[in-house]
Amino acid sequence: MDVQIEDSWKQVLKGEFTKPYFLQVITHLKTERATGKTIYPPGQLIFNAFAKTPFDKVKVVLLGQDPYHGPGQAMGLSFSVPDGVKPPPSLVNIYKELKTDIGMPIPTSGNLTSWAEQGVLLLNAVLTVRANEPASHSKIGWMDFTDAVIKKISEEKTGVVFLLWGNFAQQKQVLIDETKHHVLKSAHPSPFSADRGFFGSKQFSRTNELLMKQGLSPIDWNVEAGRK
């Protein structure tokens, strides 16, 4: 199967594309589209996280759950929305923590592409969703694929910083070799939990400290830097 995914990832993940679970995902998506269902993100953005952050560039993994399910929101990058779309509540809280942690001004844009281009893999555990039905694709096989992504990063790279926010993301900790990678955990930035351990967790400054200790360039978390 010729999956339209960035070349470096195609090589790393080539064994996954012929497995029964992956064929099941493709069949499921085709069936839903054929019956008139709206699926987010649009097809060309399903693997956007991989397009924006090639395998050899990955320095940080920020794990989300599944895409936003409202029109125009999902863009294939966890927590991110396109320019012109109002930042959702969890992203608003991420920006609040960035201001507290590193003094970053609160951006007006929710587009996190600049993070991805610096090596932050903005990976949702589930890569698609039916319109207005959160978690509707959580059991169609995507998690087998994204678990394989996490395992490959763990096996083939060193020194990656994994940001696991909330119970769902923290369940993926078992896939990560912590003798060669860094895991930073906190509560989820959702309004329901942000004040129970996300605010004040300094995930962003701590990430940059870990990168710089390895001689790697820190992430410029200001999504609007250089865009004016």
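Residues numbered from 1 in each chain as written. Predicted model: local features only at pLDDT ≥ 70, side-chain atom pairs only at ≥ 80, totals over all residues. Heavy atoms only, no water.

### Structural notes on the nonpolar core
Then comes step 1: In terms of nonpolar packing, the biggest core is built from 66 residues, with Trp 115, Trp 142 and Phe 145 touching the most fellow members.
Then comes step 2: With sequence-adjacent residues up to four places away left out, Phe 145 is seen in contact with Ile 5, Leu 13, Glu 16, Phe 17, Tyr 21, Phe 22, Phe 47, Phe 50 and Leu 127. (Core = buried A, V, L, I, M, F, W, Y, C linked by side-chain atoms within 4.5 Å. Buried < 20%, exposed > 50% of the residue type's maximum accessible area, 1.4 Å probe, protein only. Contact = heavy atoms within 4.5 Å.)

### With respect to unusual backbone geometry
Then comes step 1: Going from Tyr 40 to Pro 41, the amide bond is cis rather than trans, its omega being -10°.
Then comes step 2: Counting through the fold element by element, Pro 41 comes out in the loop between strand E1 (39–40) and helix H3 (48–52).
Then comes step 3: You will see that Phe 79, though not glycine, has its phi angle at about 70°, which is positive.
Then comes step 4: Non-glycine residue Ala 135 carries a positive phi angle of around 65°.
Then comes step 5: Take Ala 135: it is sitting in the loop between strand E4 (129–130) and helix H6 (142–156). (Helix = DSSP H or I, 4+ residues; strand = E, 2+ residues; numbered from the N terminus.)

### Thoughts on the sheet that holds strand E5 (residues 161–165)
Then comes step 1: What the four strands build is an open sheet, ordered E3-E2-E5-E6; its pairing is parallel. If you trace the sheet from one side to the other, it starts and ends with strand E3 (120–124) and strand E6 (182–186), each paired once. Across the sheet, the mean angle separating the axes of adjacent strands is 20° when strand polarity is ignored.
Then comes step 2: Alignment of E5 against E6, held across five bridges, turns out to be parallel. Each residue of the ladder has a partner; that of Val 161, found in E6, is His 182. (Pairing = 2+ DSSP bridges. Axes fitted to C-alpha atoms, helices over the stretch in contact; angles between N-to-C directions.)

### What to know about the packing of aromatic side chains
Then comes step 1: Enumeration according to the criterion identifies 19 aromatic pairs in this entry.
Then comes step 2: Relative to Phe 198, the ring of Trp 165 lies with its centre 5.0 Å away and its plane at 65°, an arrangement referred to as edge-to-face. In this pair, Trp 165 sits in strand E5 while Phe 198 sits in the loop between E6 and helix H8 (203–213), placing the two residues 33 residues apart along the sequence.
Then comes step 3: The class for Phe 198 is buried, based on a relative accessible area of 0%.
Then comes step 4: With a centroid separation of 6.1 Å and an interplanar angle of 55°, the aromatic rings of Phe 198 and Phe 199 are classed as tilted.
Then comes step 5: For Phe 199, a relative accessible area of 36% gives the class partly exposed.
Then comes step 6: These aromatic residues form a ring-pair network of at least three members: Trp 9, Phe 17, Tyr 21, Phe 22, Phe 47, Phe 50, Phe 55, Trp 142 and Phe 145. (Phe/Tyr/Trp six-rings, centres within 6.5 Å; stacked < 30°, edge-to-face > 60°.)

### Structural notes on the pairing of strand E2 (residues 60–64)
Then comes step 1: The element E2 is largely enclosed, with a buried count of five among its five residues.
Then comes step 2: The alternating pattern of E2 places Val 60, Leu 62 and Gly 64 and Val 61 and Leu 63 on opposite faces, both of which are buried.
Then comes step 3: Two strands pair when backbone bridges link them, and E2 and E3 are joined in this way by five bridges, in the parallel orientation. Of the residues in E3, the one forming a bridge with Val 60 is Val 120.

### Section: the pattern of salt bridges
Then comes step 1: The tally for this structure, following the rule as stated, stands at five salt bridges.
Then comes step 2: In this structure, the salt-bridge partner of Glu 16 is Lys 19, at a minimum N-O distance of 3.1 Å.
Then comes step 3: Here Lys 19 falls in the partly exposed class, since its relative accessible area comes to 35%.
Then comes step 4: The residue Arg 130 makes a salt bridge to Glu 32 at a minimum N-O spacing of 2.5 Å. Of the two residues, Arg 130 is situated in strand E4 and Glu 32 in helix H2 (residues 20–34); the sequence distance between them amounts to 98 residues. The burial state of Arg 130 is the same as that of Glu 32; both residues are buried.
Then comes step 5: By sharing partners, the salt bridges in this structure join Glu 32, Arg 130 and Glu 133 into a single network. (Salt bridge = Lys/Arg side-chain N within 4 Å of Asp/Glu carboxyl O.)

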